[in-house]
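What follows is each chain in one-letter form.
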Amino acid sequence: MNPEAIRIIVTGGTFDKHYDEIKGELTFTETHVPEVLKRARVSVPVQVELNQLIDSLYMQEANRQSVLDACKRAPERHIIITHGTDTMAETAKLIGSARLDKTIVLTGAMIPYKILDSDALFNFGAAFAAVQLLPAGVYISMNGRIFDWNRVRKNKTLGVFEEIQE
């Protein structure tokens, strides 16, 4: 095991959707993560794990548990999870509550990677840097910000993540 290696756990979400011209809708076919890694010229050892391809609005507890189990099994201490934004905070809470001794960063996109002006590449890059710099814990990286798992929510009106004030 390489201690610098990063595991990327793919769960789907808008990040991995593409436009199906025949159906006229956004669907899943495969993850875009390998293409993103190549395009970004990532030189750190990476293991990509396809956990599921699902819209986070359809994520159930069993889906979230599958992500948590993957984090527990991973030999790497640095993990990025690509996830749909609608329920990303819920998955982060489940993983954060498990108190794993790993640095885990969830990220996603409001606009699919394959669509012009997508935020996917930027959010992924920020998560990639964050997972290497932050101490053990669970975080969300979106909109150029890093949030603690237990102090974040998606503001669905503004379409951004924000810190929850105590």
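Rules used in this analysis
- Note on numbering: residues in each chain are counted from 1, in written sequence order.
- Totals for whole chains, interfaces and linings use every residue, but because this is a predicted model, local features are given only for residues with pLDDT of at least 70 and side-chain atom pairs only at 80 or more, for both listing and counting.
- Only hydrogens and water are set aside; all other atoms, that is, all heavy atoms of the structure, feed into the side-chain values.
- Note on geometry: axes are C-alpha line fits, over the in-contact stretch for helices, and angles between N-to-C directions span 0 to 180 degrees.
- Strands here are runs of E lasting at least two residues and helices are runs of H or I lasting at least four, both read from the DSSP assignment and numbered beginning at the N terminus.
- Convention used here: angles under 35 degrees read as roughly parallel, angles over 145 as roughly antiparallel, angles from 65 to 115 as roughly perpendicular, and any remaining angle as oblique.
- In a left-handed crossing the near helix is turned counterclockwise from the far helix by less than a right angle, and in a right-handed crossing that turn is clockwise.
- In what follows, residue pairs with any heavy atoms lying within 4.5 Å of each other are defined as contacts.
- Note on residue categories: nonpolar means Ala, Val, Leu, Ile, Met, Phe, Trp, Tyr, Cys or Pro, charged means Asp, Glu, Lys or Arg, and polar means any other residue, Gly included.
- In what follows, salt bridge is the name for a side-chain nitrogen of Lys or Arg lying within 4 Å of a carboxyl oxygen of Asp or Glu.
- Here's how the labels work: a residue is buried when its accessible area is under 20% of the maximum for its type, exposed when over 50%, partly exposed in between, all with a 1.4 Å probe on protein chains only.
- Stacked, edge-to-face and tilted are the three classes for Phe, Tyr and Trp ring pairs, Trp counted by its six-membered ring, which pair at centre distances within 6.5 Å; planes under 30 degrees apart are stacked, over 60 edge-to-face, the rest tilted.

K.L.:
Which residues make up the packing of helix H2 (residues 61-73) against helix H3 (residues 88-97), and what values do they have?
P.N.:
Close contact between H2 and H3 brings their axes to 10 Å; oriented N to C, the two are set at 45°. Looking at the two axes, H2 sits oblique to H3. Where H2 crosses over H3, the handedness of that crossing is right-handed. Of the residues in H3, those touching H2 at Arg64, Gln65, Val67, Leu68 and Cys71 are Glu90, Thr91, Leu94 and Ile95. Its residues assigned to classes, the contact of H2 with H3 comprises 5 nonpolar, 2 polar and 2 charged.

K.L.:
For the pattern of salt bridges, give the residues involved together with the corresponding values.
P.N.:
Overall, the coordinates contain 12 salt bridges when judged by the stated rule. Measuring nitrogen to oxygen at the nearest pair gives 2.6 Å for the salt bridge that ties Arg7 to Glu76. In this pair, Arg7 is assigned in strand E1 (residues 6-12) and Glu76 in the loop between H2 and strand E5 (78-82), connecting sequence segments 69 residues apart. Of the two residues examined, Arg7 and Glu76, each falls in the buried class. Because the salt bridges share partners, they merge into one network encompassing Arg7, Glu49, Arg73 and Glu76.

K.L.:
Outline the packing of aromatic side chains, listing residues and values.
P.N.:
In total, this model carries 3 aromatic pairs according to the counting rule given. Seen from their ring centres, Phe15 and Phe124 are 6.1 Å apart, and the 45° between their planes marks the pair as tilted. Placement of the pair is Phe15 in the loop between E1 and strand E2 (18-20) and Phe124 in helix H4 (residues 120-133), with a sequence separation of 109 residues. With a relative accessible area of 2%, Phe124 lands in the buried category. Between Phe124 and Phe128, the ring centres sit 6.0 Å apart and the planes meet at 40°, which makes this aromatic pair tilted. Pair noted here: Phe124 and Phe128 are both in helix H4, with a separation of 4 residues, about one helical turn. Residue classification places Phe128 among the buried positions, given a relative accessible area of 9%. The rings of Phe15, Tyr113, Phe124 and Phe128 are connected pair by pair, giving a single aromatic cluster.

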